[in-house]
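Okay, here's what each chain looks like letter by letter:
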Amino acid sequence: MKKVTINTLRKMKQAGERITMLTAYDATFARLFDSAGIEVLLVGDSLGMVIQGHGTTLPVTMDQMVYHCANVARTAETAHLVGDMPFGSYQASPEEAVKNAVRLVAEGHMEAVKLEGGAEYAEVISRIVRAGVPVMGHIGLTPQSVHKLGGYVLQGRTEQKAQKLLSDAKAVEEAGCYSLVLEMMPAELSAEISRSVSMPVIGIGAGAGCDGQVLVCYDLLGMNPDFSPRFVKKYLELGVAIRDAALRFKDEVKHGEFPAAEHSFTAEAPKPVQLYSVPGK
Ligand code: KIV
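First, a word on scope: everything that follows refers to the structure included in this document. This one's a predicted model, so the numbers in the text were calculated from it and none came from an experiment. (Residues numbered from 1 in each chain as written. Predicted model: local features only at pLDDT ≥ 70, side-chain atom pairs only at ≥ 80, totals over all residues. Heavy atoms only, no water.)

Regarding unusual backbone geometry
For clarity, the cut-off: Each helix corresponds to a stretch of at least 4 residues labelled H or I by DSSP, and each strand to a stretch of at least 2 residues labelled E; elements are numbered beginning at the N terminus.
Here the bond from Phe 258 into Pro 259 is cis, since omega is -5 degrees, no more than 30 degrees from zero. Examined against the element boundaries, Pro 259 turns out to sit in the segment after α11 (238-254). At His 109, a residue that is not glycine, the phi angle is positive and equals roughly 60 degrees. When you line up the elements, His 109 lands in the loop between α5 (94-106) and β4 (112-114).

Quick word on the environment of Thr 158
So the rule is basically this: When a residue's accessible area, from a 1.4 Å probe over protein chains only, is under 20% of the maximum for its type it is buried; when over 50% it is exposed; and in between it is partly exposed. Throughout this description, a polar contact denotes any pair of N or O atoms lying within 3.5 Å of each other; where both atoms belong to protein, one of them has to be capable of donating a hydrogen while the other can accept it, and for residues adjacent in sequence the pair is counted only when both atoms sit in side chains.
Following the sequence through the fold, Thr 158 ends up in the loop between α7 (146-149) and α8 (159-175). What makes Thr 158 partly exposed here is its relative accessible area of 40%. Within the local environment of Thr 158, its side chain forms a polar contact with the backbone nitrogen of Lys 161, the two atoms lying 3.1 Å apart.

Re the site of the ligand
Applicable threshold: For this description, a residue counts as near a given molecule or strand if any of its non-hydrogen atoms is within 4 Å of it. Method for areas: the Shrake-Rupley scheme with a 1.4 Å probe, in which residue coverage is limited to the protein chains shown.
Around the ligand, the neighbouring residues are Thr 23, Leu 42, Gly 44, Asp 45, Ser 46, Asp 84, Lys 114, His 138, Ile 204 and Val 216. Within the side chain of Asp 84, an N or O atom sits 3.1 Å from an oxygen atom of the ligand. Burial of the ligand by the protein amounts to 96% of the accessible area it has alone, namely 260 Å².

Considering the pairing of strand β1 (residues 19-23)
Heads up, the condition is: Paired strands, as defined in this entry, are two strands with at least two bridges between them according to DSSP. A crossover gets the label right-handed when its path from the first strand over the helix to the second runs clockwise, viewed with the strands pointing away from the viewer.
The buried fraction of β1 amounts to four of the five residues, a majority that puts the element mostly inside the structure. Here β1 pairs with strand β8 (residues 212-215) via four bridges, running parallel. What sits directly across from Leu 22, in β8, is Leu 215. Of the strand pairs in this sheet, β1 and strand β2 (residues 40-43) are connected by three bridges, and their pairing is parallel. Along β2, the bridge assignment pairs Thr 23 with Leu 42. Read as a crossover between parallel neighbours, the route from β1 over helix α2 (residues 27-35) to β2 is right-handed.

As for the packing of α8 against helix α9 (residues 187-196)
Convention followed: Here the axes come from fitting lines to C-alpha atoms, over the contacting stretch only for helices, and the angles between their N-to-C directions go from 0 to 180 degrees. Here the word oblique covers every angle except those under 35 degrees (roughly parallel), over 145 (roughly antiparallel) and from 65 to 115 (roughly perpendicular). Helix crossings fall into two classes, left-handed where the near helix is turned counterclockwise from the far one by less than a right angle and right-handed where it is turned clockwise. Note on contacts: a residue pair qualifies if any of its non-hydrogen atoms lie within 4.5 Å across the two residues. Residues are sorted three ways: Asp, Glu, Lys and Arg are charged, Ala, Val, Leu, Ile, Met, Phe, Trp, Tyr, Cys and Pro are nonpolar, and all the rest, Gly among them, are polar.
Between α8 and α9, the shortest axis-to-axis distance is 10 Å and the interhelical angle comes to 30 degrees. One element, α8, and the other, α9, form an angle in the roughly parallel class. Classified by chirality, the crossing of α9 by α8 is right-handed. When α8 is examined against α9, the residues Ala 162, Leu 165, Leu 166, Ala 169 and Lys 170 are found in contact with a partner set consisting of Leu 189, Glu 192, Ile 193 and Ser 196. Split by residue class, the contact of α8 with α9 holds six nonpolar, one polar and two charged.

Some details on the side chain of Asp 168
Tracing the backbone shows Asp 168 in helix α8. On the basis of relative accessible area, Asp 168 is assigned to the buried category, the value being 5%. Excluding anything up to four places from it in sequence, Asp 168 contacts Gly 118, Ala 119, Glu 120 and Ile 139.

In short, geometric facts, not functional conclusions.
Below, the structure is given as structure tokens:
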């Protein structure tokens, strides 16, 4: 498969071909999603919640993002790679924003960065783009503003708020964004925004009228049996399956069934073995 670039994504929108994006935080998942032909891998700051166990994305640091980005980039071959700018990494000044965006590309090997916010971030977006780094925008429910928004609630429900989101989408495109995430808003609004801009628009909790869809991979895989929000479709119940595997392992070890003879070595083990699974090897 050919490498997916920002031009590929633009052409997909023009051709009416839907774009798929999934989050990935490590080399194993990145390789699996890449080999499935998912066009965009997002190293989302959602890792603060699904990997680190925080209640918000706010504690995630630049160093942590760089670490996870580099792990994903190590095994992804064709997908377009986007790294999230964490909270505090682009709000203070355009200079700091450029410095941090450059880190995600230079040290994290990302091909673009994503940041949350509308017209008020136009200057930051254009400065990062001018430095040669493509920027994916993100409006609607912007999780880094959870305290300002009063919780993880549906956005753009009044005419005035819907108009503000529409003008934010146009402002970030004007500032240089090559694509945009719309999170948690009424389906009619996201469809109107998608029609009103020429950059590809990728939705989450934003209905079917966007140019593409993104999900947090742990949600798609059903890693948390207790989390089933309306906007998520669980394609697997992996959380249940993983717990079940751990229970079976425990049971077999306790009963002396694992390791069996076929999992044990004799003194004449023929050749070196590879320890642990390395994706792609
Ligand atoms: O951090 C993240 O995973 C995201 C997606 C939900 C779009 O921003």
